[in-house]
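A look at the structure
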Amino acid sequence: DAGVTQSPTHLIKTRGQQVTLRCSPKSGHDTVSWYQQALGQGPQFIFQYYEEEERQRGNFPDRFSGHQFPNYSSELNVNALLLGDSALYLCASSYRGLINIQYFGAGTRLSVL
Amino acid sequence: DQQVKQNSPSLSVQEGRISILNCDYTNSMFDYFLWYKKYPAEGPTFLISISSIKDKNEDGRFTVFLNKSAKHLSLHIVPSQPGDSAVYFCAATMASYGGATNKLIFGTGTLLAVQP
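Notes on the structure in this doc start here.

Cut-offs applied
Residues numbered from 1 in each chain as written. Chains lettered and ligands numbered in written order. Predicted model: local features only at pLDDT ≥ 70, side-chain atom pairs only at ≥ 80, totals over all residues. Heavy atoms only, no water. Helix = DSSP H or I, 4+ residues; strand = E, 2+ residues; numbered from the N terminus. Rg over C-alpha atoms; globule rule 2.2 N^0.38 Å. Buried < 20%, exposed > 50% of the residue type's maximum accessible area, 1.4 Å probe, protein only. Contact = heavy atoms within 4.5 Å. Areas by Shrake-Rupley, 256 points an atom, 1.4 Å probe, with all protein chains shown as cover. Lys, Arg positive; Asp, Glu negative; His and termini not counted. Charge placed at Lys NZ, Arg CZ, Asp CG, Glu CD. Pairing = 2+ DSSP bridges. Patch = residues over 30% accessible without salt bridge, like charges linked within 9 Å, V, L, I, M, F, W, Y side chains within 5 Å. Salt bridge = Lys/Arg side-chain N within 4 Å of Asp/Glu carboxyl O. Core = buried A, V, L, I, M, F, W, Y, C linked by side-chain atoms within 4.5 Å. Axes fitted to C-alpha atoms, helices over the stretch in contact; angles between N-to-C directions. Buried area = accessible area lost by both parts, 1.4 Å probe. Polar contact = N/O pair within 3.5 Å; in protein donor to acceptor, adjacent residues only side chain to side chain. Nonpolar A, V, L, I, M, F, W, Y, C, P; charged D, E, K, R; others polar.

Here we take up the overall build of chain B. What chain B contains, in helices and strands, is 0 helices and 11 strands. Overall, chain B shows an N-to-C arrangement of helices and strands of β-β-β-β-β-β-β-β-β-β-β. The C-alpha radius of gyration of chain B comes to 14 Å, within 12% of the 13 Å expected for a compact globule of 116 residues. The dimensions of chain B, computed from C-alpha atoms along their principal axes, are 45 × 30 × 25 Å. Here chain B holds 116 residues, and the buried ones make up 46% of them. Considering only residue pairs separated by 6 or more positions, chain B has 56% of its internal contacts joining residues 24 or more positions apart. Approximately 5400 Å² of chain B is accessible, and the part contributed by carbon and sulfur atoms is 51%. Averaged over its 10 positive side-chain charges, chain B has a centre that lies 3 Å from the centre of its 9 negative ones.

A few words on the sheet that holds strand S8 (residues 72-77) of chain B. Residue and element names in this part refer to chain B. Read from one edge of the open sheet, 5 strands run S1-S3-S8-S7-S6, paired in antiparallel fashion. Two strands in the sheet have a free side with no partner beyond their single neighbour: strand S1 (4-5) and strand S6 (56-59). The sheet contact formed by strand S3 (residues 19-25) and S8 spans 6 bridges and is antiparallel. Within the sheet, the bridge partner assigned to Ile20 lies in S8 and is His76.

In this section: a nonpolar patch on the surface. On the surface, a cluster of nonpolar side chains totalling about 230 Å² of accessible area is made up of Ile18, Ile20 and Val78 of chain B. Of note, Ile20 of chain B is situated in strand S3.

Ranked by size, the top nonpolar core spans 24 residues in total, and within it Val4, Phe33, Trp35, Leu73, Leu75 and Tyr88 of chain B carry the most contacts. Where this core is concerned, the elements lending two or more residues are S3, strand S4 (32-38), strand S5 (45-51), strand S7 (62-67), S8, strand S9 (86-93) and strand S11 (110-115) of chain B. Sort the elements by how many residues they give to this core and S9 of chain B lands first, with 4 residues. Contacts of Phe33 of chain B, omitting those with residues within four sequence positions, involve Tyr25, Ile48, Ser49, Ile50, Leu66, Leu73, Ala91 and Ala92 of chain B. Listed in part, the 20 residues of the second largest apolar core include Ile46, Phe64, Tyr89 and Leu110 of chain A.

So, about the sheet that holds strand S7 (residues 64-68) of chain A. Strand pairing within a sheet occurs via backbone hydrogen bonds; the two strands may be parallel or antiparallel. All names here are of chain A. Reading across the sheet, the 4 strands line up as S1-S3-S8-S7 and stay open at both edges, with antiparallel pairing between neighbours. Looking at which strands have only one partner, the edges of the open sheet turn out to be strand S1 (5-7) and S7. Taking the axes of each pair of neighbouring strands and ignoring which way they run, one obtains an average angle of 20 degrees across the sheet. The sheet contact formed by S1 and strand S3 (residues 19-24) spans 3 bridges and is antiparallel. Following the sheet pairing, Gln6 is matched in S3 by Cys23.

Further remarks concern the interface of chain B and chain A. Chain B puts 26 residues into the contact, and the matching count from chain A is 24 residues. For the pair chain B and chain A, the two sides together bury roughly 2000 Å², of which 57% comes from carbon and sulfur. Area buried by chain B at its contact with chain A is led by Thr101, Lys103 and Phe106 of chain B, which between them contribute 28% of it. Here chain B is connected to chain A by 0 salt bridges. Summed over the shared surface of chain B and chain A, the result is 4 residue pairs in polar contact (both at pLDDT 80 or more). Contributions of two or more residues to the side of chain B that touches chain A are made by S4, S5 and S9 of chain B. Among the elements that make up the side of chain B that touches chain A, the one with the highest residue count is S4 of chain B (4 residues). Class assignment of the residues belonging to the side of chain B that touches chain A gives a composition of 13 nonpolar, 10 polar and 3 charged.

Right, here's the structure in full:
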């Protein structure tokens, strides 16, 4: 049973560029949440997708956007990259029938130069 | 505003002894709490959780205690093993009970080192 998978593992971009990160949820899960983890901090909630719609959003600017596909996989897009966007981006999946246990992928390490 | 706090950045324990990791929260609306363990280059791994209707939940060597009046929870690991060395994150949320999963609010983590 495959867990949550994310791609790519690492990414290097320059300021002003755009990036797309991908996530496949755990089998049987229908909800995908994205988190940003800066060095020395805990993960910060970006947004969540369920039934192909953004359901909840954290305190992140509109440069951060996403999408969920009919197979429940998801993408995170970040436009006009800033140096401060350098972080580990984590995807978590869950099923709405179970109480709040979210399962995380290994993350994508984004470096903005 | 840090709604979930882990005030100890690190903890060192001898193998076989008890590890106690602490977490405090400020939002009274939180009613479900989780602990995750994170190794370098891996994502957080779910460890154990507790609902606010309980004050204790046990799973093998791991026990989580919840003190609602103090808005405090702790994770006990007994006995501690070298393989337990990792960063431990406390997270809080509002239970969904079949609705859309709610976001997790994480603390900053505690690095546990278990010495052989």
